[in-house]
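Spelled out from the first residue to the last, the chains are:
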Amino acid sequence: MKMRACVTALLLLGLRACLSQDVRHHEDDEEDEDVMFQTRAQVSGRALVPGVRTRDWISSARVLLDGDKHVGFIRDDGSFTVSDVPSGSYVLEISSPTYRFQPVRVDISSTGKMRARVVNYIRTSEVIRLPYPLQMRCVGLHSYFIPRETWVWSDFLMNPMVLMMVLPLLIILLLPKVFNPSDPEMRREMEQSMNMLNSNQELPDVSELMTKFFSAPKGHEKAGGGARGHRGGAPAARGGALRRKTRD
Amino acid sequence: MAWLVVRLAISVSLFYTASAVFEDQVGKFDWRQQFIGKVRFALFDTHSQASKKLLVATDKNVFASLNSRTGDLFWRHVDKTGPEGHIDALLMYGQDAVVVAGNGRLLRSWETTVGGLKWETVLDTGSFQAAALVGVQDFVKYVAVLKKSAISLHDLSSGSQIWVENLPDSDTVQYQTIYSGGNGLVFVFGVVPNSHIVIVEYKIEDGEIMNKKSVEAAWMSSLESSCTVISSGILLCVDQITQSLYTLLLQSAEQTEMRQIHLQTLDLEVASGFQPVLTSTQPNPAQPPLSEFFLQLSPDHHILLQLKDGLIVPLRDFNPSYLAAFATSGERTVAAVMSPKNDTACSINLFSADTGRRHLDTTIIYHMDPNGGKPNRLYVHAFLKKDDSVGYRVMVQTEDLTLTFLQQPGRVVWMREEALADVVTMEMIDLPFTGTQAELEGEFGKKAAIQDGLLPMVLKRLSSQFILLQAWLAHLWKLFYDARKPRSSVKNEVNIDTLSRDEFNLQKMMVMVTASGKLFGIDSKSGTILWKQYLENIEPNSVFKLIVQRTTAHFPHPPQCTLLIKNKDTGLGNLYVFNPIFGKKSQISVPALPRPVLQTLLLPVIDQDYAKVLLLIDDQYKVTTFPSTKNILQQLQDTASSIFFYLVDSSQGKLSGFRLRKDLSTELIWEVVIPTEVQKIVAVKGKRANEHVHSQGRVMGDRSVLYKYLNPNLLAVITESTDTHHERSFVGIFLIDGVTGRIVHEAVQRKAKGPVHFVHSENWVVYVYWNSKFRRNEFSVLELFEGAELYNSTVFSSLDRPHPPQVLQQSYIFPAPISTLEATLTEKGITSRHLLVGLPSGNILSLPKMFLDPRRPEVVSEQSREENLIPYAPEMPIRDEWFINYNQTVSRVRGIHTAPSGLESTCLVVAYGLDIYQTRVFPSKQFDVLKDDYDYVLISSVLFGLFFATMISKRLAEVKLLNRAWR
């Protein structure tokens, strides 16, 4: 048998062309022979989809053991058998494009004894027995699709951005209606409360401070332009970092 | 609490990466075609006149029911592959069908209307010979199965075994056929080659041997096809050497030897070297067969004969004729014969079986496909018309596995291309530009245009803009014209002449190569077959290699594909060059390949016609170039020192690297030997040539960059241990630099077994193996990084990489079996990658590569959260929403082909196996196009609302100002 096969062009310096080819030509002949001498068992059970007639779903369903190593078909009454299964441990699943079933692990001893248990891939030796012959019950439909996001008024109104915009608007519009600012008594009261808030009169305003700070080297050039330039620089740098982060 | 955080992190990450299908997208850009394979048995349901069922059993171990009016599948059952699922026989009675499968191991009865299994019986082991329905007193009650050494009878309604008997002297006699004529007996025929025939009679009730006789037949070597039973129990045999027919009355005690009838007496002669074939018909298993039969004397000569009062009478001679078949409707049996009409067409005619008279007006003309094969099977469905005459339809199967269903007077009702059930390899080719698109492209493409000067360029620009405007107006006019027509008549007919690239290059030509040697060109948007070409003289199921030498980008040069094929007669390689858009064979002269080709490689060196150069290396390491013009040879000489290639010899476990010399000879530069006593090389894969990697590194949580090890010459070599014991078996992976032969990394997975599926891309390798200790499938991912600094950021050279890469590895449990594995591919490689996993259940899972990241932390830290890493979990999740083909399952998925489209977000996917499924995936969602459900109404209503609100408020403000001024 010609096992030589092959291929690939490997070019240095930027040129490259890669092709590939499988060299999988071997067959596990020996293994098949071993299997022939082992005892072969039958795995049987029943599959049920509540509320659906069996004839409506069985023509598209199959019983699979460890992928499609062994295949069985479902009878009119929902029962199934998978014949000629060598001893070992298998995961049995019912594959149906519409209905979902839980897989079951089936252990077949070398003497042909059967045991069914819950599939646990992490703790593989854990045994939670299930009835045998198998009772496969549909656990629901496959949900292949995700729903579209639909547009609902409540979603729109509960959006924090909208809330942020709407609430101040309401305040601006409604507050003057609630308190009449032209009422002298009320005005006095408000002024008092404002003074209470701004009790520390000596503390300079932040914005004022900033203006002073940036306009300090006044005299040589136009201060405004310099300040603007400086301010513009900061977000750009931050943007650069962000871009770098999103590159990967 | 920590668990909750983990869950939250996962769900957040899923929100960003999940690529699922929306329900309204079903069928929008995806399609599936289901196939069955080469038909071995086909039976029409003649139970009722209105029935449309056609039952077929194929060499792909598929048993299906087709709608004979449309060719669609009613249902289909796919058994396991290999001899254990092989369908040996298909019998039909009433509404049920009996199938013998797995070399006579299983007997199944199917209800044919819904496709449900009625019963299933396991038979004793023994090689299967024949099966027949057995009737008693006009009722079919049993099925008899003949094995090499035993015969068993089963009840048809329950499958229970009535009796099983060992055959006498089964070690010397080869029992081959079985016959029952409804008289309470089952006959078994055996032969001792070149000696005698053995006939054993069994009683149906209890399996008692009623009679056993042996008849001298020194000329006989095999019973099959050369013997048949006709009339009321007469065994008829034909022999080529003695040029005679032999008859034997089964139920007579007197006749102890076969009566010889020389063919000469009938003025007939068997063509030399041809094994003559007898065909008889038994319309009802409970009744004896008819006394008429076909004798095939040569590949294109049939004759209809009749046995009458012990004499054989020729009824009609069909010379020439390709195929002949019987069919029965009600009480009437007819024979359909296909004869050549002219070079491109055949005519099929109907004859009454008992007289050989031709039925009037029953000709069907069958036009042979000039790019197809010859017809080789004919299946006839006869039915009674209202005026009591016999009508018929035929199904013709050809060498290239095309099924054509015809009705009078030659209308093709449907056609199935069953060669597509076995696709070996495929490519997706960009469609060509239309004339106007090409015009515009040409303006920028040509270098000469720049030298023209300013004014001609402006003029050219204006003229091409004008052409575009014209095309646009024509398009508008067509839209307007179509809109007036009723909707049904406006079909999006895909025509080979109107094929052109769409805006985003989403529609492509799928070139598919099938195991039978038939090539197909399929439109990826609709799945329509645009061209097909059957290559004769090809060894079926051999290795094919499809290479795209020139894409459609080089207008006016046509695109060019090259297929490396193996000739049936010589066993040598052969190049077949064709245009992938039209399927036409190219006239380019092809180099002869006198020695077996070990490898092919496509170089990025381009000749003056923009075709890439193909190098073919034969078993003496000699190089053949195609095309081999002077220009090419010159270019190759210049670049030879940088052309390296490797060879794999898995029988000796040897990987060797070669380098091309200036005189196109080769030089061995490295060799890696993996001892075959311990492990064998299973597969070797490089990276895909058309893959782009967008980012050179990954940004870590602390803002430093981890650079990827992007070696374009890296090979992933997978080995499996020769010891298959589950404690000692292992799977090994080697990463070898293909230029220097340096082993960059090696890893061994203990207590692991194949089959190994793997993907090698960018700076990672993902592979799946079977963990034999825990009996589960496991994914393992290897990622290679250069470290925090890049050694040479401008160019990668295998010869100058002093630092070995850092290798990270992580493994995960995959809770399902796997059929195949592939990764998505996009134009620029910006979109995140997904792995496409084909499952035996027929689903295709799109698994985000994010889950297969060896940097997934076990303990969540601030940095890992910054990087968006999902915390490590041993078991990989599988969600229904990740199945990209929803309920459109692909049976026996064998390969997945991915191709980039013009949109960065979109990757085109074709999964093939028994079925073909084409779809698009969006691994990072459709970030570069507006969503399907983009709410145009909302956005425009908001805009209009704002506009009117401004108008109104402006007006109100004016009024208010005016009022204030008056105050």
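Taking an unreviewed UniProt entry as the reference, chain B is identified by name as ER membrane protein complex subunit 1 belonging to Carassius auratus. Quoted verbatim from the Subcellular location (unreviewed entry) field of the UniProt record, the comment on chain B reads "Endoplasmic reticulum membrane". For the record of chain B, the UniProt heading Sequence similarities (unreviewed entry) holds the text "Belongs to the EMC1 family."

The name recorded for chain A in an unreviewed UniProt entry is Endoplasmic reticulum membrane protein complex subunit 7, from Carassius auratus. According to its UniProt record, chain A has this under Sequence similarities (unreviewed entry): "Belongs to the EMC7 family."

A. Molecular detail of the overall build of chain B. A tally of regular secondary structure across chain B gives seven helices and 62 strands. The principal-axis extents of the C-alpha atoms in chain B amount to approximately 125 × 85 × 70 Å. The burial tally for chain B puts 54% of its 967 residues in the buried class. Total accessible area on chain B stands at roughly 43500 Å², and carbon and sulfur atoms take up 53% of it. Side chains of chain B carry 95 positive and 100 negative charges; the gap between the two charge centres is 7 Å.

B. Seen up close, the domain arrangement of chain A. You can read the domains of chain A as domain 1 (41-141) and domain 2 (147-195). Placing the centre of domain 1 of chain A and that of domain 2 of chain A at their C-alpha centroids yields a distance of 63 Å.

C. Spotlight on the confidence of the model for chain A. Residue and element names in this part refer to chain A. Residues at a pLDDT of 70 or more form 65% of chain A, whose mean pLDDT is 71. Here residues 1-37 is a poorly scored stretch, pLDDT under 50, and it has 113 contacts once near neighbours within four places are set aside; other chains count. Under a pLDDT of 50 for its full length, residues 218-248 has, in the predicted model, 13 contacts with residues more than four places off or in other chains.

D. Up close: the domain arrangement of chain B. Parsing chain B into structural domains produces domain 1 (322-418), domain 2 (422-445 + 503-590), domain 3 (595-673) and domain 4 (932-960). Taken over C-alpha atoms, the centre of domain 1 of chain B sits 52 Å from the centre of domain 3 of chain B.

E. Local environment of empty space enclosed by the protein. All names here are of chain B. Counting across every chain of the model gives four cavities of 30 Å³ or more. Considered as a void within the structure, the largest cavity measures approximately 110 Å³ in volume. Residue lining of the largest cavity: 14 residues in total, with Ala20, Val21, Phe29, Arg920 and Phe922 positioned closest to the centre. Across the lining of the largest cavity, the residue classes break down as nine nonpolar, three polar and two charged. Considered as a void within the structure, the second largest cavity measures approximately 60 Å³ in volume.

F. Main features of the state of the cysteines. All names here are of chain B. Taken as a whole and assessed by the stated rule, the structure comprises one disulfide over all chains. Here Cys227 pairs with Cys237 through a disulfide, and the sulfurs are 2.0 Å apart. Measuring handedness by torsion sign, the sulfur bridge of Cys227 and Cys237 sits at about 110° and is right-handed. With a gap of 10 residues between them, Cys227 in strand S18 (residues 227-230) and Cys237 in strand S19 (residues 234-239) connect regions that are remote in the sequence. Judged by its relative accessible area of 13%, Cys227 is buried. Not engaged in a disulfide, the cysteine Cys561 finds its nearest cysteine sulfur in Cys907; these two sulfurs lie 19 Å apart. Taking relative accessible area as the criterion, Cys561 reaches 0% and is therefore assigned buried.

G. Region of interest: the pairing of strand S41 (residues 597-606) of chain B. Residues and elements named next belong to chain B. In terms of residue burial, S41 counts as a mostly covered element, since seven of its 10 residues are buried. As judged from the seven bridges shared by S41 and strand S42 (residues 612-618), these two strands associate in the antiparallel manner. In the sheet register, Val597 faces S42, and the bridge partner there is Asp618. Taking the residues that link successive antiparallel strands as the turn, the S41-S42 hairpin has five residues, and the phi of Tyr610 there is positive, at about 65°.

H. Quick peek at the interface of chain A and chain B. Facing the 69 residues of chain A at the interface are 102 residues of chain B. Between chain A and chain B the total buried area reaches about 7800 Å² when both faces are included, carbon and sulfur atoms providing 55% of it. For the pair chain A and chain B, the interface holds three salt bridges. One salt bridge in this structure joins Arg100(A) and Asp880(B), with 3.3 Å as the shortest N-O distance. By residue number, the principal contributor to the side of chain A that touches chain B is strand S1 (residues 4-11) of chain A, which donates eight residues. Looking at the side of chain A that touches chain B residue by residue, the class counts come to 28 nonpolar, 16 polar and 25 charged.

I. Layout of the environment of Lys612(B). Looking at where Lys612(B) falls in the secondary structure, it is placed in strand S42. Once you skip the residues sitting within four places of it in the chain, Lys612(B) turns out to touch Gln549(B), Leu602(B), Leu603(B), Val605(B), Ile606(B), Phe626(B) and Pro627(B).

J. Representation of the UniProt feature "domain: ER membrane protein complex subunit 1 C-terminal" (unreviewed entry) in chain B. Taking the numbering used here, the UniProt-annotated feature "domain: ER membrane protein complex subunit 1 C-terminal" (unreviewed entry) corresponds to residues 761-966 of chain B. When the span residues 761-966 of chain B is considered, its composition is 17% helix and 30% strand, and the gap between its end C-alpha atoms is 79 Å.

K. Spotlight on the side chain of Ser352(B). Along the chain, Ser352(B) falls in strand S28 (residues 345-352). Within the structure, Ser352(B) has its side chain in polar contact with the side chain of Thr355(B) (distance 2.5 Å).

L. Here's a closer look at the sheet that holds S19(B). Residues and elements named next belong to chain B. Pairing is antiparallel across the open sheet formed by four strands, whose spatial order is S18-S19-S20-S21. Edge positions in the sheet fall to S18 and strand S21 (259-262), since each has one partner strand and no second. Between one strand and the next, the sheet's axes are offset by a mean angle of 25°, whatever the strand orientation.

M. Quick peek at a positive patch on the surface. On the surface, Lys177(A), Lys960(B), Arg964(B) and Arg967(B) cluster together to form a positively charged patch. Mapping Arg964(B) onto the fold places it in helix H7 (residues 936-966). For Arg964(B), a relative accessible area of 51% corresponds to the exposed category.

N. Layout of the environment of Gln507(B). Residues and elements named next belong to chain B. On the secondary structure map, Gln507 appears in the loop between helix H4 (454-484) and strand S35 (508-514). We classify Gln507 as buried; its relative accessible area is 11%. Not counting residues within four places of it along the chain, the set of residues in contact with Gln507 comprises Leu431, Leu499, Ser500, Asp502, Asp523, Ser524 and Lys525. In terms of polar contacts, Gln507 uses its side chain to reach the side chain of Asp523, at 2.8 Å.

How each quantity is defined
All residue numbers refer to position in the chain's written sequence, counted from 1. Throughout, the order in which chains and ligands are written sets their labels, letters from A for the former and numbers from 1 for the latter. Side-chain atom pairs in this predicted model are given and counted only at pLDDT of 80 or more, local residue features only at pLDDT of at least 70, and totals for whole chains, interfaces and linings cover all residues. Heavy atoms from the whole structure form the basis of all side-chain values; hydrogens and water molecules are not counted. UniProt positions are given in the numbering used here, feature names are shortened, and annotations may be inferred rather than shown by experiment. Secondary structure elements are taken from DSSP: a helix is a run of H or I of four residues or more, a strand is a run of E of two residues or more, and numbering for both begins at the N terminus. Burial classes: relative accessible area under 20% of the type maximum marks a residue as buried, over 50% as exposed, and values in between as partly exposed (1.4 Å probe, protein chains only). Note on areas: Shrake-Rupley with a 1.4 Å probe; residue coverage comes only from the protein chains shown. Under the convention used here, Asp and Glu are negative, Lys and Arg are positive, and both His and the chain ends fall outside the count. One atom stands in for each charge, and that atom is NZ of Lys, CZ of Arg, CG of Asp or CD of Glu. Domain extents, as shown, originate in an automatic or database domain assignment. pLDDT measures the predictor's confidence residue by residue and takes values from 0 up to 100. Two residues qualify as a contact provided that any one of their heavy atoms is within 4.5 Å of a heavy atom in the partner residue. Put simply, the grid is 1 Å and covers the protein atoms alone, a cavity is a trapped set of points that fit a 1.4 Å probe, a pocket is an open set with protein on both sides within 12 Å along at least five of seven lines, and lining residues have an atom within 4 Å of a point. Grid points are joined across faces, edges and corners, and a volume is the space filled by probe spheres set on the points. Under the convention adopted here, Pro, Cys and the residues Ala, Val, Leu, Ile, Met, Phe, Trp and Tyr are nonpolar, Asp, Glu, Lys and Arg are charged, and Gly plus all remaining residues are polar. Criterion for a disulfide: a pair of cysteine sulfur atoms at a distance within 2.5 Å. Think of it this way: DSSP has to see at least two bridges between two strands before they count as a pair. Accessible area that two parts lose when put together, evaluated with a 1.4 Å probe and summed over both, is termed the buried area. Salt bridge, as applied in this entry: a Lys or Arg side-chain nitrogen positioned within 4 Å of an Asp or Glu carboxyl oxygen. Polar contacts, as counted here, are pairs of nitrogen or oxygen atoms within 3.5 Å of one another; within protein the pair requires one atom able to donate a hydrogen and one able to accept it, and residues that are adjacent in sequence qualify only if both atoms are side-chain atoms. An axis is simply a line fitted to the C-alpha atoms; with a helix, the fit covers only the stretch in contact. Between two such axes, the angle follows the N-to-C directions and lies from 0 to 180 degrees. The residues that make up patches have over 30% relative accessible area and no salt bridge, and they are joined within 9 Å when like-charged or within 5 Å when they are Val, Leu, Ile, Met, Phe, Trp or Tyr.

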